[in-house]
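Chain residues, written in single-letter form:
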Amino acid sequence: MKRKVLVASTLTVVLLGVAYVGGSWKAGRSVQDTLDKQNQWLSNLPYFIVKNREYHRGWFSSTEKTTLQINPQMYRFFLEKEGEPLPTFEVTYTQNIQHGPLPLLFTRGNPHPYKAVVTTEFEFAPETQKFLTRFFGTQKPINIENRISFNDDGVITIKVPAFDYEEAISGVKAKWQGLNATLDYGGDFNRVKLNAEAPGLSGEAKGKGNFSLNGLTFTVDHVRGKTGLMIGESTAKIDSFNLDMPGDAPFKVALQNVSYDGKLSENGELVDGSALFRLDKLTLNDQPYGPAELLAEANHLHGPTLARLGDEFNRLQKQQLSRDQLTTELVKLAKTQGMPLLTHDPHLAIRHLDIKLPDSSIHLSGEVGLHGFKPEDLDQPVVFMRKLVAKADFNVPRKVISTVVTWQARNMFGNADNGVSQADLDYLAGQFVEGQLDRMADQKLIRVDGDTVAATASLENGKFILNGVDVPLPWEQVQHAVSDATGGTPAVKAPASKPAAGSK
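Parameters at a glance
- Residues numbered from 1 in each chain as written.
- Predicted model: local features only at pLDDT ≥ 70, side-chain atom pairs only at ≥ 80, totals over all residues.
- Heavy atoms only, no water.
- Salt bridge = Lys/Arg side-chain N within 4 Å of Asp/Glu carboxyl O.
- Helix = DSSP H or I, 4+ residues; strand = E, 2+ residues; numbered from the N terminus.
- Buried < 20%, exposed > 50% of the residue type's maximum accessible area, 1.4 Å probe, protein only.
- Axes fitted to C-alpha atoms, helices over the stretch in contact; angles between N-to-C directions.
- Parallel < 35°, antiparallel > 145°, perpendicular 65-115°, else oblique.
- Left-handed = near helix turned anticlockwise from the far one by under 90°.
- Contact = heavy atoms within 4.5 Å.
- Nonpolar A, V, L, I, M, F, W, Y, C, P; charged D, E, K, R; others polar.
- Expected span 1.5 Å × (residues − 1).
- Arc of directions from axis to C-beta.
- Phe/Tyr/Trp six-rings, centres within 6.5 Å; stacked < 30°, edge-to-face > 60°.
- Polar contact = N/O pair within 3.5 Å; in protein donor to acceptor, adjacent residues only side chain to side chain.

J.: Whenever I open this one, the pattern of salt bridges confuses me. Can you help?
T.: Pairing of side chains with opposite charge becomes possible as their charged atoms draw close. Applying the stated criterion across every chain yields a total of 23 salt bridges. The salt bridge partner of Glu434 is Arg398, with a shortest N-O separation of 2.2 Å. Highlighted residues: Glu434 in helix H9 (residues 422-442) and Arg398 in helix H8 (residues 398-413), separated in sequence by 36 residues. A relative accessible area of 30% places Glu434 in the partly exposed class. Salt-bridge contacts for Lys463 lead to Asp470; the nearest nitrogen and oxygen are separated by 3.9 Å.

J.: Teacher, can you tell me more about unusual backbone geometry here?
T.: Outside of glycine, negative phi angles account for most residues, and trans bonds account for most peptide bonds. With an omega of 10°, the peptide bond running from Gly100 to Pro101 counts as cis. Put simply, Gly290 and Pro291 share a cis peptide bond, and its omega is 5°. Tracing the backbone shows Pro291 in the loop between strand E15 (287-289) and strand E16 (292-302). Phi is positive for Asn257, close to 55°, though the residue is something other than glycine.

J.: What is the right way to read the packing of H8 against H9 from this model?
T.: Helix packing for two helices is described by the angle between their axes and how far apart those axes are. Running from N to C, H8 and H9 cross one another at 130°; their axes reach a closest spacing of 9 Å. In terms of orientation, H8 and H9 fall into the oblique class. Where H8 crosses over H9, the two elements pack in a sense that is right-handed. Residues Arg398, Ile401, Ser402, Val405, Thr406, Ala409, Arg410 and Phe413 of H8 form the contact with H9, whose own contacting residues are Gln422, Leu425, Asp426, Ala429, Gly430, Phe432, Val433, Glu434, Leu437 and Asp438. Considered class by class, the residues forming the contact of H8 with H9 number nine nonpolar, four polar and five charged.

J.: Please clarify how H9 should be interpreted in this entry.
T.: An α-helix turns once every 3.6 residues. As a result, residues three or four positions apart point the same way. For H9, built from 21 residues, the straight-helix expectation of 30 Å at 1.5 Å per residue is met to within 8% by its first-to-last C-alpha distance of 30 Å. Every buried residue belonging to H9 is among Leu425, Ala429, Gly430, Val433 and Leu437, and all of these are buried. For H9, the buried positions fall inside an angular range of 130° around the axis, keeping them on one side. Turned more than 90 degrees away from the buried face of H9, the exposed residues are Ala423, Tyr427, Leu428 and Asp442. On its buried face, H9 sits against H8 and strand E21 (452-460). Lys444, located one to two residues past H9, shows a positive phi value of around 60°.

J.: Before we go on, may I ask you to explain the packing of aromatic side chains in this structure?
T.: To describe a pair of aromatic rings, one takes the distance between the centres and the angle between the planes. With the rule as written, the count across this model stands at eleven aromatic pairs. Each ring, one from Phe136 and one from Phe163, has its centre 5.1 Å from the other, and the planes form 80°; the classification is edge-to-face. Here Phe136, found in helix H4 (residues 126-136), pairs with Phe163, found in strand E7 (residues 163-166); they are 27 residues apart in sequence, far enough to count as distant. Grouping residues by exposure puts Phe136 and Phe163 together as buried. Considering the side-chain rings of Phe373 and Phe384, the 5.9 Å spacing of their centres and the 85° angle between planes classify their relative orientation as edge-to-face. Of the two residues, Phe373 is situated in the loop between strand E18 (361-370) and helix H7 (381-386) and Phe384 in helix H7; the sequence distance between them amounts to eleven residues.

J.: When you look at the environment of Arg53 in this model, what are you seeing that I'm missing?
T.: With respect to the helices and strands, the residue Arg53 is situated in strand E1 (residues 48-57). In this structure the C-alpha to C-alpha distance between Arg53 and Leu68, which are 15 residues apart in sequence, comes to 8.9 Å. With residues near it in sequence (within four places) discarded, Arg53 still touches Gln32, Leu35, Asp36, Asn39, Glu64, Lys65 and Thr66. Only 2.3 Å separates the side chain of Arg53 from the side chain of Glu64, close enough to count as a polar contact.

Given below as structure tokens:
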């Protein structure tokens, strides 16, 4: 009896071992297909170019080595110099893949089943590695783990460790409190949920200044909609940011509670989007401003067209095009495939921009849209303008306008070589602003109420009203001129009349 039990137990262990080995082999074949799909998704993004990829599959584990290059089109217009080669930025990483069905059982004692668990190791250039070692020491600068389920859904965790760096001689200090991020994705990448947190970063250069950034968070919760676009919500938030630069021209700025909330939703084939920016307080050289809020919206956008344009734009970014070539291709793309964006009554708006100043405030709102537009209307400017709907309203202190113009004057003419003192330059700029504002008020282009400058305007059914006054549009002025010249209605060629009966 004992012998039978022993044989049965041994047979069971053998069968389980064979099943595990077979399952591991099968999981290894399947996970290779999964990683092929993930690399294809990565290469389709406009930001990267997969230059080289090697995959070596084993029985219980595999390795993948990939060289990724940042797409030069993303920075060509900023770094390109005539006669010099465009710099390239590459990173090589190796992925160590532990096959399922229980890839974490023997290494971490975790019995959770996965198709595979993938850890990533980056290879940096010697100079880059030396630089990173100064901050992170023996720690890996970044840790990435990808746990892939049997349905190809997965969770990627990203961790950047904290460091506290100081140079005794130069007095340079830097403190980084780390980064933790989690990306929960669907196997077909039609679902993405990201949460990232960076508690803080601060730095100091002795005698030159210091800065600090605290409470950075970022979230994305998107799913692919029926139109092909990723829809959902995204948020970003900074608790505080401070920058203090002493010296001959000291500069000090502090921000509190800066946030962004974005939403994208579908209504049939139409897409609506909104972006809300908020700032509780801005202190600039000890002068407080805020709160401030901006709400922008884009409604009635044709989703399939947006998705198609996005794909085509990504394709263009993968090509080595010059600035002029890219501009030409974008214009061609807009003309050939972008027209449905105009034929579905699109509407863009800044619902409000409100900024509280120490002794006043700024208000701005505006919107523009098309109603009943047809492609042939582009060849008929008068018809097009009648289908254009727009409104604008702003209220700005005179002091703000004068300050902005003064800053521009300083940038343009404030060099010491010009021989003009800053006081004289500020006085001339102020006089210029006052003169222009008075002239515009006389022409009823703006309204002046004490220290405030305001204006309202609307365009609807081809009628333009500015500050309550009906302003003729250019073609209306031409019609009026023709009418005055003919002594009545605008000259229109009448049809030839039939001769009277009996006349010759």
